[in-house]
Amino acid sequence: TSLSIWGWGSLGLVLFLVTFGPFAIFYFAFYILCFVGGGFVVTLLFGKSNSEKYLEQCEHSFLPCTSVGIPKCIEEMKREARPIKIDRRLTGANIIDEPLQQVIQFSLRDYVQYWYYTLSDDESFLLEIRQALQYALVQFSARSKETDWQPYFTTRLVDDFGTHLRVFRKAQQRIAEKGDQMKDQAEELVDTFFEVEVEMEKEVCRDLVCTSPKDEEGFLRDLCEVLLYILLPPGDFQNKIMRYFVREILSRGILLPLINQLSDPDYINQYVIWMIRDSNCNYEAFMNIIKLSDNIGELEAVKDKASEELQYLRSLDTAGDDINTIKNQINSLLYVIKVCDSRIQRLQSGKEIDTVKLAANFGKLCTVPLDHILVDNVALQFFMDYMQQTGGQAHLFFWMTVEGYRVTAQQQLEVLQSRQKDGKHQTNQTKGLLRAAAFGVYEQYLSEKASPRVNIDDNLVAKLAETLNHEDPTPEIFDDIQRKVYELMLRDERFYPSFKQNVLYVRMLAELDMLKDPSFRGSDDGEGESFNGSPTSSINLSLDDLSNVPSDETVQLHAYISDTVYADSDPYAVAGVCNDHGKTYALYAITVHRRNPNSEEMWKTYRRYSDFHDFHMRITEQFENLANILKLPGKKTFNNMDREFLEKRKKDLNAYLQLLLNPEMMKASPALAHYVYDFLENKAYSKGKGDFARKMDTFVNPLRNSMRNVSNAVKSIPDSLAEGMTKMSDNMGKMSERLGQDIKQSFFKVPPLIQKTYSDPDHCRVAAPIDDNVDDNIPLRVMLLLMDEVFDLKERNQWLRRNIKNLLQQLIRATYGDTINRKIVDHVDWMTSPEQVADAVKRFRDAFWPNGILAETVPRRDKAIRMRTRVAGKTKLLEVMPDELKHIIGAETTRKGILRVFEMFQHSQLNKRMVYVFLERFLETLFPQNKFPELFNKLHSRSKQMQRYKQRLHSTQAPSLQKR
């Protein structure tokens, strides 16, 4: 059967191929495919037509009717879009509205339009965003007009800056206590700073916002959303798309770049240099910065630049007079390079030298007479601290009290005499009160009940008691005992002689700027050259060397002014008429010869007439007898650059120098040698007090040297001593009221002694009231607060702080009187005036869109350039500090305070913290009813430092709670 099937099949296939050919099978397959495809197409077309008919039937029969609103919306969209009218008025002041409109336009153009037009051509969305921004600005302007900005600018801003500086100072102190345990000091400083912040603020810490870019962006987004909620109408705020767009534009397009720029240390340094661009850099200030720098990057940057300049100068082909100038410049650069190398080696080795300790062990220090210490505010505070340590404060306070009593009694008697001439008789009352004051001094220091008691000859004390009981008091009644007390302090080994061997004496010299850094002597600098081209062995004499020159004739000093060369030149190259930034002045070259038994030295130094004048004023203040002997050539207002006049002045100054250097003159005033040597030393002359300060000294001299010392010293006396002085001050207050003299109130109305209440500065803000009678005086409050924090006065002798407070009060009263608060309020009104606001908006516009084009991201400057900018900024700040400030609080304190403030601005994270604090206070002032403080606490609640602080606080409180 199978064979038959295959046989018939094969036969049929052969017959098919014979009949139709070999390609018949392909035709057959094609016919079948066409048949199947045609059937599929017919079925598809038929099914589509039937489906459409069915769906149409279902729509009309089952679905509800179409809403009327949808066709209307479609018709509305098909119509031509109507233009939206935007009111361009924002603040009501056209000078502000115009730049603000440009800022809005540029923001939309550069942050929205460039991508929006790729999606749609419909501008209604852009116009709505613009309208929402303008509405927010209108609301913001209205709130600003209703806000009193005077407390913000005069109180909150200053308090926040002072708090920031206090936190930074405490962080530095903690790091100093840790010593060399840190690996990265900058990172450690930032962490320690925020630890101190949370301890001070208690409820908030901004570490995440300032150190984490992601958290910072989130904080700004949340803040901008809150502001939009306040400023936008509810309908616009509910529009999430538009709200998010506006939020991103404000946070990431405007606020974040602005905050980054304001917190950039390099930007701040450049701004500082620009602010004091009119001040000329001083060589001595520059070298002090190099010697005090603890940043190796700064030193290497300065060294590299000096090496580059050195190569350039050595490549010059010069001859004649120019070669001397080039040599001086080369010597200066070599000295800078050597100092930088020495400082870098010391920092890398970790062998940092404390100048005060080194000077204390060096053994060769300036000698400051006791009588100068007692009349100098800066020196007196160190001597007072030492006397309190040794238990001799009663002697010092007695001497100061008697000084005040003498001056005040003289004034009282003079007033009494003038009143008697006018027919007014108060003799008995005045003398009675003077006797009460004298008895108060006696009971306070000399009686058997006095504690502590001034130990003096009993015969003198008995004689004084008898005089007080039987004679009328005179201003000189205590002179004999005061002289004995002075001799006791001068010669007793416990007091002044031991004080000169104490570290407080060295610190006093540093504050008086009479302590040179001895670490740059000997092998550190070798036989190098000084920065102005003179050999070190000739002119690099320290003040110690000059001040300890013996007074005999074994050391001789001669000086004369050489010929004047009339040319515009470098002041340290030649002498003559110099032009410095458009200011022309005469410069005199002084050739100085110093002869020792074994050597002879010579150098040149250069001084202006103003230097001679300042020097003359300084020595005549210290040595009154010189005023009748030394006569300085007078000033000339017009034609003072005339050749003949300058020649005549040179001869007169030469005669002045010869008379000053006369051996008899030096013998008569041994202490004069220190001032002369300092003036003739080859360095930039450091002027003393300016004319204005001298006039102020003349105005308040009795207060500064006597009465103020008494009233302030009383506050430093222990309780047992204070009670008697308080009684005496009450009696004197009655007499001063009767006489009605303001000058008497400064001594007789001594405030009652108030015990110093201790408050840990680590755990409090500076916003606490400074003093009862200070808060109402805006400038005094601001100045005292800043001086407290910048120069750390609260940690030092309280007598000095009260001295400064009294001096500031006198200065403000003498300068402005009672109108100073009004002037400050007027200045705040001027700062918030439309003109100033418009100017600020224009500066913002020009900074972000110069010439109407979005500013490109400024490339980060090279590290070496940034380091040299830091050095230049510190040098400028030290140079611009007035010498009067150094005389008030001390040179070393001034230098450390200024450098501390500058160092605070060298950390971008800390700068951001200060910017955000200012921004928060600004919003709290602008929206007082919106509970912004609570909001900021919540926004900063994720702070790691805050969580650690709460854990520590909880762990310390848990044991006490368990005991309860």
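These numbers come from a predicted model, not from an experiment.

### Considerations on the pattern of salt bridges
Pairs can form between side chains of opposite charge once their charged atoms are near each other.
Okay, step 1: The final tally for this structure, using the stated rule, is 31 salt bridges.
Okay, step 2: Taking the shortest distance from any N to any O, the salt bridge between aspartate 614 and arginine 618 comes out at 3.6 Å. Pair noted here: aspartate 614 and arginine 618 are both in helix α27 (residues 609-622), with a separation of 4 residues, about one helical turn. A single burial state applies to aspartate 614 and to arginine 618, both of which are buried.
Okay, step 3: Each of the salt bridges in this network shares a partner with another, and the network as a whole consists of Glu217, Arg221, Glu225, Arg243, Arg247, Glu248 and Arg252.

### Comments concerning helix α40 (residues 891-904)
Okay, step 1: Over its 14 residues, α40 runs 20 Å from end to end, which matches the ideal 20 Å to within 8%, given 1.5 Å per residue.
Okay, step 2: Where burial is concerned, most of α40 is hidden: 11 out of the 14 residues are buried.
Okay, step 3: Among all positions in α40, only Ala891, Glu892, Thr893, Thr894, Arg895, Gly897, Ile898, Arg900, Val901, Phe902 and Met904 are buried.

### Observations concerning unusual backbone geometry
Okay, step 1: The phi dihedral of lysine 202 is positive, around 75 degrees, even though this residue is not glycine.
Okay, step 2: Mapped onto the secondary structure, lysine 202 falls in the loop between α7 (185-201) and α8 (207-211).
Okay, step 3: A positive phi angle is found at asparagine 851, which is not glycine, with a value near 60 degrees.
Okay, step 4: Inspection of the secondary structure puts asparagine 851 in the loop between α37 (834-848) and α38 (863-880).

### Quick word on the state of the cysteines
Okay, step 1: In this structure the tally under the stated criterion is 0 disulfides.
Okay, step 2: Left unpaired, cysteine 205 is separated from the closest cysteine sulfur, that of cysteine 210, by 8.3 Å.

### Notes on a negative patch on the surface
Okay, step 1: Taken together, Asp121, Asp122, Glu123 and Glu128 make up a surface patch of like negative charges.
Okay, step 2: Along the chain, glutamate 123 turns up in the loop between α4 (94-116) and α5 (124-146).

### Topic: the packing of aromatic side chains
The description of two aromatic rings rests on the distance between their centres and on the angle between their planes.
Okay, step 1: Throughout the structure, instances matching the rule amount to 33 aromatic pairs.
Okay, step 2: A connected cluster of aromatic rings, assembled from ring pairs, spans Trp115, Tyr116, Tyr117, Phe125 and Phe245.
Okay, step 3: Between the NZ or CZ atom of arginine 243 and the centre of the ring of phenylalanine 237, over which it lies, the distance is 4.4 Å.
Okay, step 4: The residue whose ring lies beneath arginine 649 is tyrosine 609, and the NZ or CZ to ring-centre distance is 3.8 Å.

### A word on the UniProt feature "transmembrane region" (unreviewed entry) in the protein chain
Okay, step 1: Cross-referencing UniProt, the feature "transmembrane region" (unreviewed entry) maps to residues 13-46 in the present numbering.
Okay, step 2: End-to-end, the C-alpha atoms of residues 13-46 are 40 Å apart, and along that stretch the chain is 91% helix and 0% strand.

### Side note on the side chain of serine 447
Okay, step 1: Take serine 447: it is sitting in the loop between α20 (427-445) and α21 (458-470).
Okay, step 2: Since its relative accessible area comes to 4%, serine 447 is described here as buried.
Okay, step 3: In terms of polar contacts, serine 447 uses its side chain to reach the backbone carbonyl oxygen of glutamate 443, at 3.0 Å.
Okay, step 4: Those residues in contact with serine 447 that sit more than four places away from it in its chain are Tyr442 and Arg453.

Cut-offs and rules
- Positions within a chain are numbered from 1, following the residues in the order the chain's sequence is written.
- Per-residue local features are limited, in this predicted model, to residues with pLDDT of at least 70; the limit for side-chain atom pairs, both in listing and counting, is 80 or more; totals at the level of whole chains, interfaces and linings are taken over all residues.
- With hydrogens and water set aside, each side-chain value is computed from the structure's full complement of heavy atoms.
- One side-chain nitrogen of Lys or Arg within 4 Å of one carboxyl oxygen of Asp or Glu is enough to make a salt bridge.
- Here a helix means four or more residues in a row that DSSP labels H or I, a strand means two or more in a row labelled E, and each is numbered from the N terminus.
- Summary of the burial criterion: residues with accessible area below 20% of their type's maximum are buried, those above 50% are exposed, and those between are partly exposed, where the area comes from a 1.4 Å probe applied to protein chains only.
- Expected helix span is taken as 1.5 Å per residue step, with the number of steps being one fewer than the number of residues.
- Only a pair of cysteine sulfur atoms within 2.5 Å counts as a disulfide in this structure description.
- Surface patches are defined over residues having more than 30% relative accessible area and no salt bridge, joining like charges when they lie within 9 Å and nonpolar side chains (Val, Leu, Ile, Met, Phe, Trp, Tyr) when within 5 Å.
- To be clear on the numbers: accessible area is Shrake-Rupley with a 1.4 Å probe, and residue cover counts the displayed protein chains and nothing else.
- All tallies of charge rest on Lys and Arg as positive and Asp and Glu as negative; His and the ends of each chain are not included.
- Charge positions are represented by NZ for Lys, CZ for Arg, CG for Asp and CD for Glu.
- Only rings of Phe, Tyr and Trp enter the pairing, Trp through its six-membered ring, and a pair is recorded when the two centres are within 6.5 Å. The plane angle decides the type: under 30 degrees is stacked, over 60 is edge-to-face, the rest tilted.
- Put simply, a charge is over a ring when the Lys NZ or the Arg CZ is close to the ring centre, within 6 Å, and near the line of the ring normal, within 35 degrees.
- UniProt positions are given in the numbering used here, feature names are shortened, and annotations may be inferred rather than shown by experiment.
- Pairs of N or O atoms within 3.5 Å make up the polar contacts considered here, provided that, within protein, one atom can donate a hydrogen while the other can accept it, and that residues adjacent in sequence are counted only when both atoms are side-chain atoms.
- Residues are treated as being in contact if the distance between any of their heavy atoms lies within 4.5 Å.

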